[in-house]
Amino acid sequence: SLHSGEEEDGSIDTNLASELNEQDQDIVKQAIKALQTTSHIIELGCGLGLAGLSFAVSAATESKNIKRTVTFLDREPYALHCVMA
(Lines give C-alpha, C1' and ligand atoms only; values in the text may rest on other atoms or scores of the structure.)
Protein backbone atom coordinates (compact mmCIF):
# COMPACT_ATOMS: atom_id res chain seq x y z
CA SER A 1 0.00 0.00 0.00
CA LEU A 2 0.98 3.62 -0.35
CA HIS A 3 2.57 4.21 3.04
CA SER A 4 1.74 7.74 3.95
CA GLY A 5 2.33 7.90 7.66
CA GLU A 6 -1.39 7.47 8.22
CA GLU A 7 -2.53 4.45 10.18
CA GLU A 8 -5.58 2.32 9.36
CA ASP A 9 -7.65 4.07 12.03
CA GLY A 10 -7.07 7.44 10.33
CA SER A 11 -4.53 8.69 12.85
CA ILE A 12 -1.14 9.91 11.75
CA ASP A 13 1.97 7.89 12.63
CA THR A 14 3.20 9.05 16.05
CA ASN A 15 6.68 9.86 14.73
CA LEU A 16 5.18 12.28 12.25
CA ALA A 17 2.51 13.57 14.64
CA SER A 18 5.04 14.53 17.30
CA GLU A 19 6.54 17.08 14.91
CA LEU A 20 3.24 18.58 13.68
CA ASN A 21 0.59 20.72 15.33
CA GLU A 22 -3.10 19.84 14.92
CA GLN A 23 -3.62 22.14 11.90
CA ASP A 24 -0.61 20.65 10.11
CA GLN A 25 -1.86 17.14 10.87
CA ASP A 26 -5.17 18.02 9.17
CA ILE A 27 -3.29 19.31 6.12
CA VAL A 28 -1.27 16.08 5.93
CA LYS A 29 -4.47 14.00 6.18
CA GLN A 30 -6.07 16.01 3.37
CA ALA A 31 -2.95 15.61 1.20
CA ILE A 32 -2.90 11.85 1.80
CA LYS A 33 -6.56 11.55 0.85
CA ALA A 34 -5.98 13.63 -2.29
CA LEU A 35 -3.04 11.46 -3.35
CA GLN A 36 -5.13 8.33 -2.88
CA THR A 37 -8.03 9.60 -5.00
CA THR A 38 -6.55 11.89 -7.65
CA SER A 39 -5.68 10.77 -11.15
CA HIS A 40 -3.06 13.42 -11.97
CA ILE A 41 -0.36 15.12 -9.91
CA ILE A 42 2.20 17.78 -10.74
CA GLU A 43 5.58 17.71 -9.04
CA LEU A 44 6.95 21.26 -8.98
CA GLY A 45 10.69 21.60 -8.63
CA CYS A 46 11.02 17.88 -9.14
CA GLY A 47 14.80 17.59 -9.09
CA LEU A 48 15.39 13.90 -9.74
CA GLY A 49 11.65 13.21 -9.44
CA LEU A 50 11.82 10.80 -6.53
CA ALA A 51 8.43 11.76 -5.05
CA GLY A 52 6.61 11.67 -8.39
CA LEU A 53 8.22 8.41 -9.47
CA SER A 54 7.39 6.83 -6.11
CA PHE A 55 3.79 7.96 -6.50
CA ALA A 56 3.62 6.56 -10.03
CA VAL A 57 4.99 3.17 -9.00
CA SER A 58 2.75 2.81 -5.95
CA ALA A 59 -0.30 4.11 -7.83
CA ALA A 60 0.30 1.60 -10.61
CA THR A 61 0.32 -1.29 -8.16
CA GLU A 62 -2.53 0.02 -5.99
CA SER A 63 -5.08 1.27 -8.53
CA LYS A 64 -5.09 -0.79 -11.67
CA ASN A 65 -8.49 0.54 -12.74
CA ILE A 66 -7.60 4.27 -12.46
CA LYS A 67 -5.25 5.88 -14.97
CA ARG A 68 -2.72 7.94 -13.00
CA THR A 69 -0.31 10.45 -14.51
CA VAL A 70 2.52 12.58 -13.16
CA THR A 71 3.82 15.83 -14.69
CA PHE A 72 7.36 16.76 -13.67
CA LEU A 73 8.36 20.44 -13.68
CA ASP A 74 11.75 21.93 -12.87
CA ARG A 75 13.58 25.01 -14.10
CA GLU A 76 16.76 22.97 -14.48
CA PRO A 77 16.70 21.08 -17.82
CA TYR A 78 19.24 18.53 -16.57
CA ALA A 79 16.92 17.57 -13.71
CA LEU A 80 14.12 16.87 -16.19
CA HIS A 81 16.54 14.86 -18.33
CA CYS A 82 17.38 12.72 -15.28
CA VAL A 83 13.68 12.09 -14.56
CA MET A 84 13.08 10.97 -18.14
CA ALA A 85 16.09 8.66 -18.17
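These numbers come from a predicted model, not from an experiment.

## With respect to the overall build of the chain
Phase 1 of the analysis: Tallying secondary structure elements over the chain gives four helices and two strands in all.
Phase 2 of the analysis: Going from the N terminus to the C terminus, the chain shows its helices and strands as α-α-β-α-β-α.
Phase 3 of the analysis: Expressed as a percentage of the 85 residues in the chain, the buried residues total 20%.
Phase 4 of the analysis: Taking all contacts inside the chain whose residues are at least 6 apart in sequence as the whole, residues at least 24 apart take part in 54%.
Phase 5 of the analysis: Accessible surface for the chain amounts to roughly 6,300 Å². Of this, 55% is attributable to carbon and sulfur atoms.

## A look at the pairing of strand 1 (residues 40–44)
Phase 1 of the analysis: Where burial is concerned, the two faces of strand 1 differ: the one with Ile41 and Glu43 is buried and the one with His40, Ile42 and Leu44 is not.
Phase 2 of the analysis: Here strand 1 runs beside strand 2 (residues 69–73); their pairing, made up of five bridges, is parallel. Bridging from a neighbouring strand, Ile42 pairs with Thr71 of strand 2.

## Here we look at the environment of Cys46
Phase 1 of the analysis: Structurally, the position occupied by Cys46 is in the loop between strand 1 and helix 3 (50–62).
Phase 2 of the analysis: For Cys46, a relative accessible area of 6% gives the class buried.
Phase 3 of the analysis: Cys46 sits 27 residues away from Leu73 along the chain, and the two C-alpha atoms are 5.8 Å apart.
Phase 4 of the analysis: Once residues lying within four places of it in the same chain are set aside, the contact partners of Cys46 are Phe72, Leu73, Asp74, Leu80 and Val83.

Cut-off values and rules
Once a new chain begins, its residue numbering starts again from 1 and follows that chain's sequence as written. At least 70 in pLDDT is required for a residue's local features to be given in this predicted model, at least 80 for side-chain atom pairs to be given and counted, and no such filter applies to totals for whole chains, interfaces and linings, which use all residues. Derived side-chain values reflect all non-hydrogen atoms in the structure, with water molecules and hydrogen atoms excluded from consideration. Helix and strand definitions here come from DSSP, where helices need a minimum of 4 consecutive H or I residues and strands a minimum of 2 consecutive E residues; each element is numbered from the N-terminal end. Each residue's exposure class comes from its accessible area (1.4 Å probe, protein chains only) as a fraction of the maximum for that residue type: buried when under 20%, exposed when over 50%, partly exposed otherwise. Contacts between residues were defined by any pair of non-hydrogen atoms, one from each residue, lying within 4.5 Å. Using the Shrake-Rupley algorithm and a 1.4 Å probe, accessible areas are obtained, with residue cover drawn only from the displayed protein chains. Strand pairing requires that DSSP identify at least two bridges connecting the strands.

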